[in-house]
Amino acid sequence: MPSTSYESPYVHHVITLPPALPSYPPATISTLMHPSMIPLLPSPLPTAAPPVDNPPFKVIKTPDRGFGMFAARRIEEGSLIIVEHPVFVVPAMPLPQNAGIELYEGVAQRMPRPEYEEMTTLANCRSNEECPTIVEGVARTNALNLQFRFPEFADSTFEGGRHYGGAFLKINRCNHSCGPNAAYRWDVSKLAATLYALRDISEGEEITITYADPLQSRAARLKKLEPDYRFTCDCHWCTFKDPLDQEKSDATREYLKSYVSTHPSYRKWSTDLCLPDTFVIDSHMAVLPMIIQEGVEAMLPLFFEEILRCYAELGHEDQVKLWAKKTIRITRYSNPALAGELERIVEDPVGHFAKWGSRTKLRQVQGRRGRKQIEVVDDDFFMGNLFGSSMVEVEG
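To start, this report covers the structure provided alongside it. (Residues numbered from 1 in each chain as written. Predicted model: local features only at pLDDT ≥ 70, side-chain atom pairs only at ≥ 80, totals over all residues. Heavy atoms only, no water.)

## Quick notes on the environment of Cys131
Tracing the sequence through the fold places Cys131 in the loop between helix 2 (113-119) and helix 3 (134-142). Exposure remark for Cys131: the relative accessible area of 2% places this residue in the buried category. Measuring from C-alpha to C-alpha, the distance between Cys131 and Ile101 comes to 8.4 Å, with 30 residues separating the pair along the chain. Not counting residues up to four positions away in its chain, the partners in contact with Cys131 are Arg126, Glu136, Gly137 and Arg140. (Helix = DSSP H or I, 4+ residues; strand = E, 2+ residues; numbered from the N terminus. Buried < 20%, exposed > 50% of the residue type's maximum accessible area, 1.4 Å probe, protein only. Contact = heavy atoms within 4.5 Å.)

Structural data, given as structure tokens:
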């Protein structure tokens, strides 16, 4: 531990990921972690993500937004952009400034020199008075929230040991948009984040992620962005010329945010024959254009999957395959487990669902017996993390 009057609960720990092939480089992650976390890291360690010879992006310095990531060629919806390990991981909880200087410097000293040099070119919106070290400044400007979800935490009395932020040399080049065309997924088993396209990205178009909850109003988004990142968002959804258009956008996002928690769900519909057979399908189809209009395509998988499950209970094989393929396309990297299940559904939709066509059959039974409602057992449905969040969690 660092020799300081501050009794640090953290220790420096370097994670070296072995290369997948002898010709590939290893990956080094310099960390500042609670010691009880170290034995809970993946074991054996995953191999380092292989280098990409022809990445679909390039990093370019912009006139007024620092560096940015831009598409080097057309990137299709749902496609992989990059898999990347963090160059450093630090606690989300703020550290006392005097002691923090030594601790953050220790993180920098344990980074390979080339990675350190590149890290120093990442955006840093903090003054030297606020963040005397480059690691802290870069972390508080760029750090992605990394969840380490272990079954048990060895020291439950120190909750701060669970929450960390990580800096990425490439993903952190993505600037912000309130209608992002990309998102990331952190995978603790691989100690890597996967950046993927939320919609088609044209060659030369900037690749963006969101730094704030995009379903909030513009005023609420700015309230997050301006103090934390020191800029006023100038994306399409924040710069409508007509104030009425801004109000409409805010109202639509508020409606979508409410719809996530209050929408007519497959779960309820599947147990209630009083609801029309296309009730959920029609409701979701009505909001899909709103999602696309507001550029929040990360919401689509939730509703796509519910639509295909409704069609399964109605026994519509062609529609199940259609919506399964749509969902696979956009979840291949955001939710690989779901994409794998849906690929099996495409191969044999009838055999996959225990309740295939059950609603149609129950309607027939209801017609014969005059029942108004028949209870059936429902399937689980996907309710995953909708947006990768780049909101800095190292500020406290």
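Still to come is the rest of the account.
## Details of the pattern of salt bridges
Scanning all chains against the criterion turns up 23 salt bridges. Here Glu130 ties to Arg126 by a salt bridge, and the two come within 3.5 Å at their closest N and O atoms. The exposure class assigned to Glu130 is partly exposed, which follows from its relative accessible area of 29%. The salt bridge involving Asp187 is made with Arg185; its shortest N-O contact spans 3.8 Å. (Salt bridge = Lys/Arg side-chain N within 4 Å of Asp/Glu carboxyl O.)

## Regarding the sheet that holds strand 5 (residues 80-84)
Sheet strands pair via backbone hydrogen bonds, and the direction of the pair is either parallel or antiparallel. Within the open sheet, the three strands sit side by side as 5-11-10. Their pairing is antiparallel. The two strands at the open ends of the sheet, each matched to only one other strand, are strand 5 and strand 10 (182-187). Strand-to-strand twist of the sheet, defined as the mean angle between neighbouring strand axes without regard to direction, takes the value 15°. Bridge count between strand 10 and strand 11 (residues 192-197): six bridges; the pairing is antiparallel. Looking at strand 11, one finds that Arg185 is bridged to Thr194. (Pairing = 2+ DSSP bridges. Axes fitted to C-alpha atoms, helices over the stretch in contact; angles between N-to-C directions.)

## A look at the packing of helix 9 (residues 317-331) against helix 10 (residues 336-347)
Two numbers describe how helix 9 lies on helix 10: the axes approach to 9 Å, and their chain directions differ by 155°. Taken together, the axes of helix 9 and helix 10 are roughly antiparallel relative to one another. When you trace helix 9 past helix 10, the crossing you get is left-handed. The segment helix 9 lies against helix 10, with Val320, Lys321, Ala324, Lys325, Thr327, Ile328 and Thr331 engaging Pro336, Leu338, Ala339, Leu342, Glu343, Ile345 and Val346. Broken down by class, the residue content of the contact of helix 9 with helix 10 amounts to nine nonpolar, two polar and three charged. (Parallel < 35°, antiparallel > 145°, perpendicular 65-115°, else oblique. Left-handed = near helix turned anticlockwise from the far one by under 90°. Nonpolar A, V, L, I, M, F, W, Y, C, P; charged D, E, K, R; others polar.)

## Regarding unusual backbone geometry
For the bond from Ser43 to Pro44, the omega torsion is -5°, close enough to zero to count as cis. With respect to the helices and strands, Pro44 occurs in the loop between strand 2 (27-33) and strand 3 (57-61). One non-glycine residue with positive phi stands out, namely Leu191, at about 50°. Inspection of the secondary structure puts Leu191 in the loop between strand 10 and strand 11.

## Quick look at helix 7 (residues 279-293)
Here helix 7 contains 15 residues, and its C-alpha end-to-end distance of 23 Å stays within 8% of the 21 Å for a straight helix at 1.5 Å per residue. Taken residue by residue, helix 7 has Val280, Ile281, Ser283, His284, Val287, Leu288 and Ile291 as its buried positions. Contacts from the buried residues of helix 7 go to helix 5 (243-262), helix 6 (266-269), helix 8 (300-314) and helix 9. Where helix 7 terminates, the next one or two residues include Gly295, which has phi positive at roughly 70°. (Expected span 1.5 Å × (residues − 1).)

## Some details on the state of the cysteines
Across all of its chains, the model carries zero disulfides by this definition. Of all cysteine sulfurs in the structure, the one in Cys125 sits closest to Cys131, which takes part in no disulfide; the separation is 8.1 Å. (Disulfide = S-S within 2.5 Å.)

## Examining the packing of aromatic side chains
All chains considered together, the criterion is met by 10 aromatic pairs. Measuring from ring centre to ring centre gives 6.3 Å for Tyr229 and Phe231, while their planes differ by 45°; the resulting arrangement is tilted. For Phe231, a relative accessible area of 26% translates into the label partly exposed. With a centroid separation of 5.4 Å and an interplanar angle of 55°, the aromatic rings of Tyr259 and Phe303 are classed as tilted. Of this pair, Tyr259 sits in helix 5 while Phe303 sits in helix 8, placing them 44 residues apart in sequence. The burial state of Tyr259 is the same as that of Phe303; both residues are buried. Among the aromatic side chains, those forming a connected cluster through ring pairs are Phe148, Tyr164 and Trp186. Cation over ring: Lys326 sits above Trp323, and NZ or CZ is 5.2 Å from the ring centre. (Phe/Tyr/Trp six-rings, centres within 6.5 Å; stacked < 30°, edge-to-face > 60°. Lys NZ or Arg CZ within 6 Å of the ring centre and 35° of its normal.)

## With respect to the pairing of strand 4 (residues 67-71)
Most of strand 4 sits inside the fold, with four of its five residues counted as buried. Here strand 3 pairs with strand 4 via five bridges, running antiparallel. For Phe57, the partnering residue across the bridge sits in strand 4 and is Ala71. Adjacent in sequence and paired antiparallel, strand 3 and strand 4 are bridged by five residues, among which Gly66 carries a positive phi angle near 65°. Bridge count between strand 4 and strand 12 (residues 206-209): two bridges; the pairing is antiparallel.

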